[in-house]
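So the chains spell out like this:
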Amino acid sequence: MVSLTVREDASASGPFVGSSAFMRLRQQRADRRHVKTYLGGKPWPAEGRRTTTSLSPEDVADWLPMFAIGLQTQGMFPYPEKLDGGRYTLWLRDTRVPSWASIDFVPGAEEFEVYQSGPRELWGEVTAAHAWWDDQGRPESERFGLTVKPDGTSWAWLDSPKHPVPAVG
C-alpha cells in the first residue's frame, strides 16, 4: 500500500507504507498456465538453455526481496513446485510471452541449475534486480515510494522521486 499526496499539478507521490495482499474474485483472476505447458509437448527441457547460478531461490523467496524485484520487473509470475527432501523448483513465467525459467533448489547446495527459454532471460532479470537491491544495502519497503503523473505515467523510487528504481529487462 502507498500513501500518496496529491500535488497542485495533479500528480501524486508518496512512500509505500506496508505490505498488502488481496484475494481476487474468480472472475478477476488471470488464467495462468503452468510453465510446463510452455514446453509445447516437447520432452524436458524442450528448448531450455542450461546454466548455473550461485543466487539461491531461497535468497529471493521472502516478501522484501520479492517486493524489490517486483518493482524492477514486469509481467513475471513465480510458481514454486515442491519436491521431496526440502527440494523444490522455482518456475518463473512471463505473463505476456512464452518465456520461462526453472531454478532447482537443493538444500546445502552452493550452485543451482537453471533452465530458461523464450525472448526474456527471466532468471537473469531476477538476478540483476536482486543485485541492485543488495547494492543499495537491502532497503526496507518503507524507503521505496511511488509517483503518478496526471497522464498515468508512474515510477517507483528509493528515498526520493529523484532516485527512480531502475527497470530490468
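Model, not experiment: these values are computed from the prediction.

S.K.: For this particular structure, what's the right way to read the side chain of Glu-125?
M.R.: With respect to the helices and strands, the residue Glu-125 is situated in helix H2 (residues 122–135). Take Glu-125: its relative accessible area is 7%, and that puts it in the buried class. Only 2.5 Å separates the side chain of Glu-125 from the side chain of Arg-120, close enough to count as a polar contact. Beyond its immediate stretch of four places on either side in the chain, Glu-125 contacts Thr-73, Met-76, Arg-120, Val-168 and Gly-169.

S.K.: Looking at this structure, how should I read the sheet that holds strand E3 (residues 49–53)?
M.R.: Sheets are built from strands that pair by backbone hydrogen bonding, the pairs being arranged parallel or antiparallel. One open sheet holds the five strands; their spatial order is E3-E7-E6-E5-E4, and the pairing between them is antiparallel. The outermost strands of the open sheet, each flanked by one partner alone, are E3 and strand E4 (76–82). Going from strand to strand, the sheet's axes swing by 20 degrees on average, the running direction of each strand aside. The pairing of strand E6 (residues 100–105) with strand E7 (residues 112–117) spans four bridges and is classified as antiparallel. Bridge pairing in E7 places Trp-100 opposite Ser-117. Across the sheet, H2 lies against E3, E4, strand E5 (88–94), E6 and E7, angled at about 100 degrees from E5, the strand it touches most.

S.K.: Just to check I follow, could you spell out the packing of aromatic side chains for this structure?
M.R.: We describe a pair of aromatic rings using the distance from one ring centre to the other and the angle between the two ring planes. The full count for this structure, using the stated rule, is seven aromatic pairs. Here Phe-67 and Phe-144 contribute two aromatic rings whose centre-to-centre distance is 5.6 Å and whose plane-to-plane angle is 80 degrees, an arrangement assigned as edge-to-face. In this pair, Phe-67 sits in helix H1 (residues 63–72) while Phe-144 sits in strand E8 (residues 144–148), placing the two residues 77 residues apart along the sequence.

S.K.: Which parts of the structure should I look at to understand unusual backbone geometry?
M.R.: What is expected of a backbone is that most residues other than glycine have negative phi and most peptide bonds are trans. The phi torsion at Ala-10 lies on the positive side, around 75 degrees, for a residue other than glycine. Note that Ala-10 resides in the loop between strand E1 (5–6) and strand E2 (12–15). With phi around 55 degrees, Ala-46 is a residue other than glycine that occupies positive phi space. One can find Ala-46 in the loop between E2 and E3. Look at Ala-46 and you get partly exposed, because its relative accessible area is 29%.

S.K.: Got a minute to help me understand the environment of Ser-13 in this structure?
M.R.: With respect to the helices and strands, the residue Ser-13 is situated in strand E2. Given a relative accessible area of 7%, Ser-13 falls into the buried group. With 143 residues separating them in the primary sequence, Ser-13 and Ala-156 have C-alpha atoms 9.5 Å apart. Once you skip the residues sitting within four places of it in the chain, Ser-13 turns out to touch Ser-3, Leu-4, Thr-5, Arg-7, Leu-146, Thr-147, Trp-157 and Pro-161. In this structure the side chain of Ser-13 is engaged in a polar contact, spanning 2.6 Å, whose partner is the side chain of Thr-147.

S.K.: Is there a simple way to think about the sheet that holds E8 in this case?
M.R.: A sheet is described by the order of its strands in space; here four strands give the open sequence E1-E2-E8-E9, paired in antiparallel fashion. Single-partner strands in this sheet number two, and they are E1 and strand E9 (154–158).

Scoring rules and cut-offs
- Residues numbered from 1 in each chain as written.
- Predicted model: local features only at pLDDT ≥ 70, side-chain atom pairs only at ≥ 80, totals over all residues.
- Heavy atoms only, no water.
- Helix = DSSP H or I, 4+ residues; strand = E, 2+ residues; numbered from the N terminus.
- Buried < 20%, exposed > 50% of the residue type's maximum accessible area, 1.4 Å probe, protein only.
- Polar contact = N/O pair within 3.5 Å; in protein donor to acceptor, adjacent residues only side chain to side chain.
- Contact = heavy atoms within 4.5 Å.
- Pairing = 2+ DSSP bridges.
- Axes fitted to C-alpha atoms, helices over the stretch in contact; angles between N-to-C directions.
- Phe/Tyr/Trp six-rings, centres within 6.5 Å; stacked < 30°, edge-to-face > 60°.

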